[in-house]
Every structure is written in C-alpha cells, then in structure tokens.
Amino acid sequence: MKTMKQRFWQFALISVMVFLLAACGSSKQDGATDNKTASQPESGQSQTASTETAKGTREITYLGKTYTVPEKVENIVVAGSIESMEDALVLDVNLAGASSVGGGFPQMFADITKTATDIGQKQQPNFETMLKLKPDVILGSTKFPADKTEKMEKIAPTIPVSHKAVDWEANLLLLAELTGKQDQANDLLEQYKKDLEAAKPKIGAEYKDKKVIALRLRGLELCLYAESVFFNPTLYEELGLSVPAEIAATKKQEIISIEKFSEINPDVIFLQFAESENKKNVKILEELQNNPIWKNLDAVKNNKVFINVVDPDAQGGTFWSKQQFLKAAVEKLGS
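Residues numbered from 1 in each chain as written. Predicted model: local features only at pLDDT ≥ 70, side-chain atom pairs only at ≥ 80, totals over all residues. Heavy atoms only, no water.

Let's shift gears to helix α7 (residues 182-207). The end-to-end C-alpha distance of α7, which contains 26 residues, comes to 36 Å, matching closely the 38 Å that a straight helix rising 1.5 Å per residue would cover. Along its length, α7 shows its largest kink, about 35°, at lysine 200, and proline proline 201 lies within four residues downstream of that point. By the burial criterion, the buried members of α7 are Ala185, Leu189, Tyr192, Leu196, Ala199, Ile203, Gly204 and Tyr207. Buried residues along α7 sit in contact with α3 (82-91), α6 (168-179), β8 (212-218), α8 (232-238), β11 (268-273) and α14 (319-333). (Helix = DSSP H or I, 4+ residues; strand = E, 2+ residues; numbered from the N terminus. Expected span 1.5 Å × (residues − 1). Bend = angle between axes of the 7 residues up to and from the residue. Buried < 20%, exposed > 50% of the residue type's maximum accessible area, 1.4 Å probe, protein only. Contact = heavy atoms within 4.5 Å.)

Below is the structure:
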C-alpha cells in the first residue's frame, strides 16, 4: 500500500509533466505560425512580380524582320526618323522623345511634341538623353550606320524605320501595331485609296503627257529626285502622269543647276523650300524667282509654279505627305 506521502509526490510529478508538454505544444504552434507568416511575401513585392509578368513581350514583323517589343508600348522615342514623326502626327501618338531639326521641333509636329524631350539633331541623337527617358521602343532610321543602331538597341528595343518612299504604308502600319491603332490606320489607308481614285480623272486628262516635276530648293541648289522618291510616286505611279526622261535617269537625289533645269523646261513645278534648311541664306528663294533663266521657264510664265503646297519640312514619302500632296495636286491641277 502506497503511503499518503508517496501519492502526493506521484501526483505532483504528473502535473509537472502535463504542464511541460502543454508548454512545448504551445511553443511549436507559435513557431509554426511565425514561420508561416515569414514565408509570405509582402504585398508590395507580390504586386511588382505580378506587374512584370503581366507586362510581357510580343513579336511584330516589319519589312520581313521580326522584333520583340513590350506587350504595351507607351513611351516611344523617335531617333532620326522624321518619317515616323509624320506617322505619329497622322495617328495622334504623343512622343516621349524625338529628333529636332535646326535646333527645335518643326512647327508641323507641335501636336505630338508638346511633352516630348529633344534628343538631339536627327543625324546625331543623344544616347544619354534617350536612356533617361526609359523608352519602351526606339524608332531609328535606316539612314543610321550599324554602330548607332547597336547603341540604341542597348537602351531599348530598336526598329530602324525605312526612309524610302515605297515603304510608306509599312511604316504607318508599324506604328499602328505598336500603339494598337490598326483600325485607325486601315481606315486612313482605305480613304486615301478612294481619294486617289477620285483624283485620277480630274488631273490625268489635262496633264498626263505634260512635264510635271517636284523639286526642293536647298542652299544654292535645286534638288531633283528619282521616280520612287519624294512626291514622285504620287505623281507618276499613283496619278499616272508621264515620267520625264530626266526624272527616270535620276538615282535617289540629284543636284541640278538652273541652266540644266531650264533644258527640262517643265510645264508644272511643285517647289519645296524650308527655311530650316536654308538659315544661312533665307533669301535664296527670292533670288531664284528673280533669276532671268527661271523667269523664262514655261511653268513660271504660265503661273504653274506651286511653292510649299505641303509643309516644307515634310519628307514627301509618308502617308501624311502623300495625303496632303494629293489634296494640293487636286486643288492646283484638278479640272
């Protein structure tokens, strides 16, 4: 038989053991809770990861080459491609940065450069400025040498945009795809085709076999352009006017003297003159108009010289240029 004293110590020992086991279980439960809490990411970290995953990338094809760009393109920098600036004007795309001409943005681009940063002259972009803008995409130019394009590719996905007039439609659709404005671009292209078909009979009948020439006055030089350059595709290919032999023989751009130009003796002249390109001699246009050789041209004598029918800073081989030039051609030559 156990004594009363033995029973007391046995009960006390069991109580202590129960207490210790309970404390241990509680400690493990608290520890498990702490570990679980520590393993959960903070709310800010979770949102950041989700945003990065959602942003993603996509591939687009332009002139036979595939480019990887962000899923959502918002910050666009145009470096050297005035063609892309004209397309941005058509599609109402505000640019984060853009090339300047003559120390500033041409007035024709005022609507899309209100908040844009000047990244330097179109021939020499400032790479540090572009880097600070953190662009989603850079639209360069096929005029740039490979080393310039490679430097821009280190900043952001870079697409060299064609400066050739024959690629005007592909250029417009490129910017439309980047910005999600494909429907708008397609509507514009469809309307242009309708306007062109309506213009052909108004102009072709009277001027089909006459010499109609578009040229640019730059510095002290008259510049002729090849059949596929400047406004020429609109005149000869789309409107169906005859290609003068002198234009057919021109490769890209050719400087021609006033004496040589007088031998062509055009029936109609579309002359473009930009003060931004002629700051050293802004009176050169006036001097040309007072030249006796110029005055003796058939186009001059018959009041068929049309100056700056399109903004003089326009490139000529873009949707915007073509659209504006077609309207002017109908206005000046249409029956």
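Reading across the sheet, the 5 strands line up as β10-β9-β8-β11-β12 and stay open at both edges, with mixed pairing between neighbours. The outermost strands of the open sheet, each flanked by one partner alone, are β10 (253-256) and β12 (305-307). Within this sheet the neighbouring strands show an average axis-to-axis angle of 30°, counted without direction. Pairing geometry for strand β9 (residues 221-225) and β10, over 4 bridges, is antiparallel. Within β10, the residue paired with cysteine 223 across the bridge is isoleucine 255. Together, β11 and β12 form the strand contacts of α14, whose direction differs from that of β11 by roughly 140°. (Pairing = 2+ DSSP bridges. Axes fitted to C-alpha atoms, helices over the stretch in contact; angles between N-to-C directions.)

Further remarks concern the sheet that holds strand β4 (residues 97-100). One open sheet holds the 5 strands; their spatial order is β5-β4-β3-β6-β7, and the pairing between them is parallel. At either margin of the open sheet sits one strand with a lone partner, and together these are β5 (117-121) and β7 (158-161). The mean inter-strand angle of the sheet, taken between neighbouring strand axes irrespective of direction, is 25°. With 4 bridges joining them, strand β6 (residues 137-141) and β7 adopt parallel strand pairing.

This structure, assessed with the given rule, holds 9 aromatic pairs. Judged by centre distance (4.5 Å) and plane angle (35°), the ring pair of tyrosine 225 and phenylalanine 230 falls under tilted. Summarising the burial analysis for this pair, tyrosine 225 and phenylalanine 230 share the class buried. Among the aromatic residues, those joined into a cluster by ring pairs are Tyr225, Phe230, Phe231, Phe270, Phe306 and Phe325. (Phe/Tyr/Trp six-rings, centres within 6.5 Å; stacked < 30°, edge-to-face > 60°.)

With that settled, the discussion passes to the confidence of the model for the protein. In regions of low pLDDT, the predicted coordinates are not meant to be interpreted in detail. Of all residues in the protein, 82% have pLDDT values of 70 or greater, and the mean over the chain is 83. With pLDDT under 50 throughout, residues 1-9 is counted as low confidence; its partners more than four residues away or in other chains account for 3 contacts. pLDDT under 50 marks residues 11-54. Its contacts with residues more than four places away, or in other chains, come to 0 contacts. (pLDDT = per-residue confidence, 0-100.)

Attention shifts here to the packing of α7 against α14. Remark: α7 packs on α14, axes separated minimally by 10 Å, with the N-to-C direction vectors making an angle of 30°. Handedness of the crossing formed by α7 with α14: left-handed. Where α7 approaches α14, its residues Leu188, Leu189, Tyr192, Asp195, Leu196, Ala199, Lys202, Ile203 and Tyr207 are matched on the opposing element by Phe319, Lys322, Gln323, Leu326, Ala329, Val330 and Leu333. A class-by-class count of the residues in the contact of α7 with α14 yields 12 nonpolar, 1 polar and 3 charged. (Left-handed = near helix turned anticlockwise from the far one by under 90°. Nonpolar A, V, L, I, M, F, W, Y, C, P; charged D, E, K, R; others polar.)

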